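The primary structure of each chain is shown beneath.
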Amino acid sequence: MITLAIALCLPALASAQSAPNDPLLPEQWALPHIGAECSWRRAPPNASITIAVLDSGVDLTHPDLVAHLRRDGFDFIANDDDPSDEHGHGTHVTGIIAAQLNNNEGIAGLTPNIQILPVRVMDAEGFGSDRAIAQGIDFAIARGARVINLSLGATLILATRESSPQVSRAIRRALDAGVIVVAAAGNDFVPLPNALVADNDEVIVVAASSRNDTKAAFTNTGPWIDVVAPGERILSTMPTYPVFLTSDRLPPEERFQPYYDYMSGTSQAAPHVTALAALLLAVHPDWGIAEVTTAIKNGAADIYQHHPTFYRRLQLLGAGRIDVCQALEGRRRSEWPLWWIVGGSALAASAIGGGLVWLWRRRGH
């Protein structure tokens with residue numbers, strides 16, 4: 001059984017004002033941390049990139065999402081064309097990617113000009129079948145999605161003894177079609193892989209990090225991780241109507257709020273990377289999976305100094321924590337352009353030489 005990758009329930013909201021005018025933007029710590037302003041500045045105003053969110057569905061009427069939702073999604077649980085969210089997880093994931101920027105409403109998404117194709121593959125309680133997920137992947141390919149977000153899965157060995165051939169083959173079809181697939185690593189606190197990914201090495205697997213760039217306590221790790229992204233206490237959209245996560249079917253301390261609330265998990269980390277992948281495709285329409293993945297990894301911030309030395313040796317956190325600005329620039333923060341190094345060295349040599357001449361003359365030579 002495949003489940004949604006949610007780790008913690010962290011309710012309660014705070015309201016504030018900021019510029020842009022999305023009132024809850026100050027509560028979105030992850031956005032300035034990874035350089036969202038570069039995304040907002042560089043994203044084409046009418047990007048044609050579609051992200052397929054395979055999840056529990058989406059609130060199709062949410063005021064912060066409606067402008068960026070395609071209307072040709074599908075529900076592979078009820079087998080109809082209404083992929084409305086009955087759980088809450090899918091709406092939260094979608095808001096991280098595409099909540100409308102500067103609309104005086106709620107939050108902001110990392111890449112708010114992107115179109116979302118909602119594909120419901122998980123039921124009201126957050127469970128789904130391999131068959132539904134595989135069908136959803138094929139549907140996303142057929143509808144022209146350039147990126148697929150999979151904030152779901154099962155940890156290999158702990159939750160299942162083997163990967164799903166059905167889902168693995170569907171992911172391979174997506175990759176062969178040039179579709180970027182981003183998957184959550186899992187929230188089992190262990191160095192074990194997500195069974196959905198199987199041997200599809202081109203899938204971008206995402207672990208979760210904290211506000212201070214340490215790995216989130218709950219995240220799965222391992223040498224199969226490509227990058228990490230913020231996943232602790234992430235504020236995003238929730239359905240505006242009652243769903244499982246906001247209902248009295250849960251005890252009050254585990255219940256989420258409608259409209260907006262916090263969640264933690266690799267489910268919340270993955271859509272940050274999905275949004276960045278779509279942004280890179282929008283800026284570089286001719287790029288493919290390899291170019292996008294390379295840019296994301298090369299631009300990642302080195303966070304290994306915050307971890308034991310064996311983390312770096314075993315590459316348990318992949319390339320590091322994503323950095324939007326550096327991914328767009330195509331280099332790490334620590335890497336300076338060759339022209340800057342050469343020019344800077346020449347200027348330094350000139351200054352040193354001039355200083356020596358001045359000193360020589362002052363001494364009367």
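Here we summarise the structure given alongside this text.

Analysis parameters
- Residues numbered from 1 in each chain as written.
- Predicted model: local features only at pLDDT ≥ 70, side-chain atom pairs only at ≥ 80, totals over all residues.
- Heavy atoms only, no water.
- Helix = DSSP H or I, 4+ residues; strand = E, 2+ residues; numbered from the N terminus.
- Disulfide = S-S within 2.5 Å.
- Pairing = 2+ DSSP bridges.
- Contact = heavy atoms within 4.5 Å.
- Axes fitted to C-alpha atoms, helices over the stretch in contact; angles between N-to-C directions.

Quick notes on unusual backbone geometry
Phi at N104 takes a positive value of approximately 60 degrees, unusual for a residue other than glycine. With respect to the helices and strands, the residue N104 is situated in the loop between helix 3 (89-98) and strand 5 (115-120). Positive phi values are uncommon outside glycine, yet D213 reaches one of about 65 degrees. Its location among the elements puts D213 in the loop between strand 10 (204-209) and strand 11 (227-230).

Re the state of the cysteines
In the structure shown here, the tally under the stated rule is one disulfide. A sulfur-sulfur distance of 2.0 Å marks the disulfide that ties C38 to C325. Between C38 and C325, the S-S torsion sits near 90 degrees, and that sign places the bridge as right-handed. Taken together, the positions of C38 in helix 2 (residues 36-42) and C325 in helix 9 (residues 324-329) put the pair 287 residues apart, joining distant regions of the chain.

Notes on the sheet that holds strand 5
Strand order in the open sheet made by the seven strands is 4-5-3-7-9-10-11, with parallel pairing throughout. Strands with a single pairing partner mark the edges of an open sheet, and in this sheet they are strand 4 (74-75) and strand 11. Where strand 3 (residues 50-55) lies against strand 7 (residues 147-150), four bridges are found, and the strand directions are parallel. When the bridges of strand 7 are listed, A52 appears paired with I148. Packed onto the sheet, helix 3 meets strand 3, strand 5 and strand 7 and runs at close to 155 degrees relative to strand 3.

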